[in-house]
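Below, each chain spelled out in residue letters.
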Amino acid sequence: ESDIPTTAKPMPNDSQGGAGPYYIDENTTQVDSWSSQCVIYVKGKVDMSNKTFSLNAGAKVYLTEKSTLKLGSYAADGLNIAFYIAEDATLEVPGLLKIQTYPVYNHGTINVGSYEITSSSILYNKGKLETSNTGSVIVNSNNDRIVHDGTISCADVVVRAGAVQNNYEWTVEGTTK
């Protein structure tokens, strides 16, 4: 919580938010902002898996230490936002987490069904990325990059274009293409 600026206000539950900064917590019932400058901090355990999670392209979400953000599969398919995941923080998606255009800086844990980047996205992984036992890590576009200095566990790796720089431990149970 010390990572949350004192200027951050609770995310409005009854209307669209602007640029913020905002924080979301267990009392948040929706995340909805029209602003590409929106900044959100995650405080505690936040389950948005059956709630509105809609952010405009360019928004930034910071998972602070010891926080957890759980998103539903529908909300996480094609996100055009940046994620900053602190140590001891967790981002969870039961299905596909697909990030477009923006970076993900992970020092914590990402637990997903599958993880995909496209449209010039970057994953800097110093933490842990785990997919389901049948899940894949997919790199789609020419300018997509994964720079990996942590641990990744997945069933398959598919690099259609782009590049992967593996500097540490990556466990693949199935195929690498």
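Let us look at the structure shown here. Computed from a predicted structure; not experimentally measured. (Residues numbered from 1 in each chain as written. Predicted model: local features only at pLDDT ≥ 70, side-chain atom pairs only at ≥ 80, totals over all residues. Heavy atoms only, no water.)

### Considering the overall build of the protein chain
Selection rule: Secondary structure is summarised from DSSP: a helix means a run of H or I of at least four residues, a strand means a run of E of at least two, and numbering begins at the N terminus for each. With C-alpha atoms as the basis for the radius of gyration, the globule rule is written as 2.2 Å multiplied by the number of residues raised to the power 0.38. Three labels apply to residues, based on accessible area from a 1.4 Å probe with only protein chains included: buried if under 20% of the type maximum, exposed if over 50%, partly exposed otherwise in between. By definition, residues are in contact when any of their heavy atoms lie within 4.5 Å. For accessible areas, the Shrake-Rupley method is used with a probe of radius 1.4 Å. Any residue's cover is judged against the shown protein chains and nothing else.
A tally of helices and strands in the protein chain yields zero helices and 21 strands. On C-alpha atoms alone, the protein chain measures out to a radius of gyration of 16 Å, which is about the 16 Å that the 2.2 N^0.38 rule sets for 177 residues. Dimensions of the protein chain, computed from C-alpha atoms along their principal axes, come out at roughly 45 × 30 × 25 Å. Relative to its full complement of 177 residues, the protein chain shows a buried share of 50%. Pairs at least 24 apart in sequence give 13% of the contacts found in the protein chain among residues at least 6 apart. Just so you have it, the protein chain exposes about 8,200 Å², and 43% of that area is on carbon and sulfur atoms.

### Re the sheet that holds strand 10 (residues 82-85)
Note the cut-off: DSSP-based pairing: two strands are paired if at least 2 bridges between them are found.
The sheet built from nine strands is open, its strands ordered 1-2-4-7-10-12-14-17-20 with parallel pairing. Every other strand in the sheet has two partners, leaving strand 1 (9-10) and strand 20 (163-166) as the edge strands with one partner each. Relative to strand 20, strand 17 (residues 145-148) runs parallel, the two sharing four bridges. Among the inter-strand pairings, arginine 145 is bridged to a residue of strand 20, identified as alanine 163.

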